[in-house]
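# Working through the structure, step by step
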Amino acid sequence: MGIKILGTGSALPEKVVTNFDLMKTMDTSDEWIRERTGIGARHVVTGSFDTETTLGTNAARRAIEAAGLLACDIDLILVATCTADDRLPCVACKIQAALGAGQAAAFDINAACAGFLIGLSVAEGYLSSGAFANVLVVGTETVSKIIDWSDRGSAILFGDGAGACVVTRSDSAFTFALGADGEGGDALRCSHNSTVTMDGQAVYRFATRTVPKVINEVLAKAGMKASEVDKYVLHQANMRIIGSIAKGLKEPIEKFPTNIENVGNMSSASIPVLLDELVRDGKIVAGEKIVLAGFGAGLTYGACVMEY
Ligand code: COA
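Residues numbered from 1 in each chain as written. Predicted model: local features only at pLDDT ≥ 70, side-chain atom pairs only at ≥ 80, totals over all residues. Heavy atoms only, no water.

## Focus: the overall build of the protein
- Looking only at helices and strands, the protein features ten helices and 13 strands.
- Its C-alpha atoms give the protein a radius of gyration of 18 Å, near enough to 19 Å, the size a compact globule of 308 residues would have.
- Taking the principal axes of its C-alpha atoms as reference, the protein extends roughly 55 × 45 × 40 Å.
- Looking at the 308 residues of the protein, the share that counts as buried comes to 58%. (Helix = DSSP H or I, 4+ residues; strand = E, 2+ residues; numbered from the N terminus. Rg over C-alpha atoms; globule rule 2.2 N^0.38 Å. Buried < 20%, exposed > 50% of the residue type's maximum accessible area, 1.4 Å probe, protein only.)

## Some words on the packing of aromatic side chains
- Counted by the stated rule, this structure contains four aromatic pairs.
- Geometrically, the ring pair formed by Tyr232 and Phe256 is stacked, given 4.5 Å between the ring centres and 5 degrees between the ring planes. Residue Tyr232 is found in strand β11 (residues 231–234), and its partner Phe256 is found in the loop between α8 (239–249) and α9 (260–263); the two are separated by 24 residues along the sequence.
- What makes Tyr232 buried here is its relative accessible area of 0%. (Phe/Tyr/Trp six-rings, centres within 6.5 Å; stacked < 30°, edge-to-face > 60°.)

## What to know about the sheet that holds strand β4 (residues 76–80)
- A sheet is described by the order of its strands in space; here five strands give the open sequence β1-β7-β6-β4-β5, paired in mixed fashion. The open sheet has two edge strands with one neighbour each: β1 (2–11) and β5 (105–109). Averaged over all adjacent pairs, the angle separating strand axes in this sheet is 20 degrees, with direction ignored.
- Here β4 pairs with strand β6 (residues 134–142) via five bridges, running parallel. Each bridged residue has a counterpart across the sheet, and for Ile77 the counterpart in β6 is Leu136.
- Running over the sheet, helix α3 (residues 52–66) touches β1, β6 and β7 (160–170) and is turned about 130 degrees from β1. (Pairing = 2+ DSSP bridges. Axes fitted to C-alpha atoms, helices over the stretch in contact; angles between N-to-C directions. Contact = heavy atoms within 4.5 Å.)

## Brief notes about the side chain of Asn259
- Along the chain, Asn259 turns up in the loop between α8 and α9.
- Within the structure, Asn259 has its side chain in polar contact with the side chain of Glu277 (distance 3.3 Å).
- Filtering out sequence-adjacent residues up to four positions away, Asn259 remains in contact with Gln236, Val273, Leu274 and Glu277. (Polar contact = N/O pair within 3.5 Å; in protein donor to acceptor, adjacent residues only side chain to side chain.)

## Focus: the side chain of Thr208
- Mapped onto the elements, Thr208 comes out in helix α7 (residues 200–222).
- A relative accessible area of 17% places Thr208 in the buried class.
- From its side chain, Thr208 meets the backbone oxygen of Arg205 in a polar contact 3.3 Å long.
- Filtering out sequence-adjacent residues up to four positions away, Thr208 remains in contact with Ile241 and Ser244.

## Re the domain arrangement of the protein
- Taken domain by domain, the protein comprises domain 1 (2–170) and domain 2 (175–307).
- Inter-centroid distance (C-alpha atoms) of domain 1 to domain 2 is 15 Å.
- Between domain 1 and domain 2, roughly 3,400 Å² of surface is buried when both sides are summed, and carbon and sulfur atoms account for 65% of that area.
- It is Thr8, Cys113 and Leu117 in domain 1 that bury the most area against domain 2; as a group they hold 19% of the surface buried on that side.
- Between the two partners, domain 1 and domain 2, sit one salt bridge.
- A salt bridge links Glu261 to Arg34, with the nearest nitrogen and oxygen atoms 2.9 Å apart.
- Run the count over domain 1 and domain 2 and you get 20 residue pairs in polar contact (both at pLDDT 80 or more).
- Mapped onto the side of domain 1 that touches domain 2, the elements with two or more residues apiece are β1, α2 (30–37), β3 (41–43), α3, α5 (115–129), β6, α6 (152–155) and β7.
- With seven residues, the top contributor of residues to the side of domain 1 that touches domain 2 is α5. (Domains from an automatic or database assignment. Buried area = accessible area lost by both parts, 1.4 Å probe. Salt bridge = Lys/Arg side-chain N within 4 Å of Asp/Glu carboxyl O.)

## Brief notes about the pairing of β7
- With ten of eleven residues buried, β7 lies mostly within the body of the structure.
- Relative to β7, β6 runs antiparallel, the two sharing nine bridges. Within β7, the position partnered with Val135 by the bridge is Val167.

## Thoughts on the site of the ligand
- Near the ligand you find 23 residues, and of these Thr28, Arg36, Arg152, Gln201 and Asn238 are the closest.
- Within the side chain of Arg152, a nitrogen or oxygen atom sits 2.9 Å from an oxygen atom of the ligand.
- Residue Gly200 places a main-chain N or O atom 2.9 Å away from a nitrogen atom belonging to the ligand.
- Protein chains bury 71% of the 970 Å² of accessible surface belonging to the ligand in isolation.
- Sorting the residues of the shell around the ligand by element identifies α2, α6, α7, α8 and β12 (289–296) as the ones contributing at least two each.
- Of all the elements, α7 adds the most residues to the shell around the ligand, at four residues.
- A class-by-class count of the residues in the shell around the ligand yields ten nonpolar, nine polar and four charged.
- Mapping the shell around the ligand onto the domain boundaries places at least three of its residues in each of domain 1 (2–170) and domain 2 (175–307). (Near = heavy atom within 4 Å. Areas by Shrake-Rupley, 256 points an atom, 1.4 Å probe, with all protein chains shown as cover. Nonpolar A, V, L, I, M, F, W, Y, C, P; charged D, E, K, R; others polar.)

Structure below.
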């Protein structure tokens, strides 16, 4: 028994903040940000109009519609987020209510930028065991609410958004490899009532060393070679990190689609938003072998290989 993605969806807040906008409030430049990160702009929520719940609900609605299902067909809602407005109730329960999916179980997963990938692995476990038939996995973040907008070393990196997918049982297998390095956790922190602090170089080293390893591990588990992979849909943290991972895997950069230039790092929303864009643009088609990989605060990381 395996699983497959039935439908994807995403939602971004309307407001766009470009590097030139940031230059009005901090000592930085478009050139510096693009060179070091590949980011040109990011979407951010304004006032109380958009929240992680409204963005996540909109992404979820689109994924359910693309799957050809109704909210009443969803058995389980998993929400990956590290920027929930409230400690209680969890975002998954708020999205369940907004969707009118009262029959679905619902809970949150906090694994930062690897959260969506870890959510998919949880969905795979439940689907394979036969416990549920259709699982909605959402990654939704309002990182702009927890960053220090006066810290040019971190504020330039992040954006807000949500992505979702509906997964169901099928014959094609998803293979996962997951890990964590709790001892390195101080590199990226956010305490209650505080803002994100980051040791950028430590995070950079962690990502470029760990992600090629975990991708090779998942490919070995699946009995596949890197050259057989059609596309690598990676967490969109930084273009230089993605380039270094491609080099580490000895794979051409053309196999690594990105959207970071326009949306920045949206933590757990990065992978599902990119996946949705690629599916809707016809850039991922049925039968392709896709690797997903996430990494972030925790430190958490993981990869999965699947046939789309
Ligand atoms: N604009 C202009 N200058 C900046 C700047 C900005 N936005 N941010 C930092 N600088 C300056 C620093 O003050 C420093 O100046 P100094 O040499 O006079 O002290 C210089 O640029 C170099 O800073 P440094 O922090 O060493 O830069 P870096 O090359 O490590 O790049 C990051 C910083 C954050 C882009 C890089 O470390 C990175 O991408 N890390 C990974 C972060 C990440 O992806 N986190 C999320 C993971 S999920």
